[in-house]
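# An overview of the molecular structure
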Amino acid sequence: MKSRDSASPHLRIVVVLSATAPGIDPDAAQAAQTRRSTALRIGLLESGYDLIASLPADVFLPERIAQLQPDLIIADSESDARDVLEHIVIATRDARRPIVLFTEDDTPASMDAAMDAGVSAYIVAGLQAERVKPVLDVALARFRREQKLLDELSDTRQKLAERKTVDRAKGLLMNRYSLTEEQAYQRLRTLAMNKNLKLAEVAQRLIDVEDLLG
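Quick summary incoming for the structure in this document. Keep in mind it's a predicted model, so treat the numbers as computed, not measured.

### Let's talk about the side chain of serine 110
When you line up the elements, serine 110 lands in helix H4 (residues 108-117). Within the structure, serine 110 has its side chain in polar contact with the side chain of threonine 107 (distance 2.9 Å).

Right, here's the structure in full:
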């Protein structure tokens, strides 16, 4: 998933709200949630961002996230942040997105869980309208940097795997036809060019045939 530029007014944002913690007065909790939601909405509006939905942290969250395809997720959890994180982790497991968590939960365990879950910004007692944009800008920048590193790592691993596949295919050709390593490589290159395939693809096909024939 590629994030749009943080200055874009078309950045699509979903806010995920946690449930009221047990033992908390419902009226007080509702009043606190209203204040936090108002500050968040004002901050997003002033930044020009597009708030497309406010969703509860429940079992239906992954399906809703998949339908809405937001560019960024904001989690608003006044108390236990780990509760809302569990649902967000499941919802973003197959498509990573920058996640910003506003919370009053400053316990080290919750912070560690958030970092392990891939949260881009963990903000304690900082949900003020004027702070929303700079927090989101930092989170987006951090997410892009981490995503670039992950992409580079994935690319390196893929190239290493392809090289191992080619080396194995060369070994098969060398043993079967008494070829040198260079001759086996050139034969693979010729096959790849004739079939308009990548070298690694031809090598894998050769290995598959060899495995099939035992």
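Having put the structure on the table, let's press on.
### Observations concerning the packing of helix H3 (residues 81-91) against H4
Helix-helix packing is characterised by the crossing angle of the two axes and by the distance between the axes. The geometry of H3 relative to H4 is characterised by a closest axis approach of 10 Å and an angle of 10° between their N-to-C directions. Considered as vectors, H3 and H4 are oriented roughly parallel to each other. Where H3 approaches H4, its residues Ala81, Arg82, Leu85 and Val89 are matched on the opposing element by Ala109, Ser110, Ala113, Ala114 and Ala117. Across the contact of H3 with H4, the residue classes break down as seven nonpolar, one polar and one charged.

### A short note on the pattern of salt bridges
Tallying each qualifying case throughout the model produces nine salt bridges. For the salt bridge of lysine 170 with glutamate 181, the shortest nitrogen-to-oxygen distance reads 2.9 Å. With lysine 170 in helix H5 (residues 129-177) and glutamate 181 in helix H6 (residues 181-195), the pair connects residues that are 11 residues apart, well separated along the chain. In this structure lysine 170 comes out as buried when scored by relative accessible area, which is 9%. Given a relative accessible area of 47%, glutamate 181 falls into the partly exposed group. Here the residues in one salt-bridge network are Arg36, Asp76 and Glu104, joined through shared partners.

### Structural notes on the packing of aromatic side chains
Applying the stated criterion to the full structure yields zero aromatic pairs. When the ring centre of tyrosine 177 is taken as reference, the NZ or CZ atom of arginine 187 above it lies at 4.8 Å.

The rules behind each value
- Residues numbered from 1 in each chain as written.
- Predicted model: local features only at pLDDT ≥ 70, side-chain atom pairs only at ≥ 80, totals over all residues.
- Heavy atoms only, no water.
- Helix = DSSP H or I, 4+ residues; strand = E, 2+ residues; numbered from the N terminus.
- Polar contact = N/O pair within 3.5 Å; in protein donor to acceptor, adjacent residues only side chain to side chain.
- Axes fitted to C-alpha atoms, helices over the stretch in contact; angles between N-to-C directions.
- Parallel < 35°, antiparallel > 145°, perpendicular 65-115°, else oblique.
- Contact = heavy atoms within 4.5 Å.
- Nonpolar A, V, L, I, M, F, W, Y, C, P; charged D, E, K, R; others polar.
- Salt bridge = Lys/Arg side-chain N within 4 Å of Asp/Glu carboxyl O.
- Buried < 20%, exposed > 50% of the residue type's maximum accessible area, 1.4 Å probe, protein only.
- Phe/Tyr/Trp six-rings, centres within 6.5 Å; stacked < 30°, edge-to-face > 60°.
- Lys NZ or Arg CZ within 6 Å of the ring centre and 35° of its normal.

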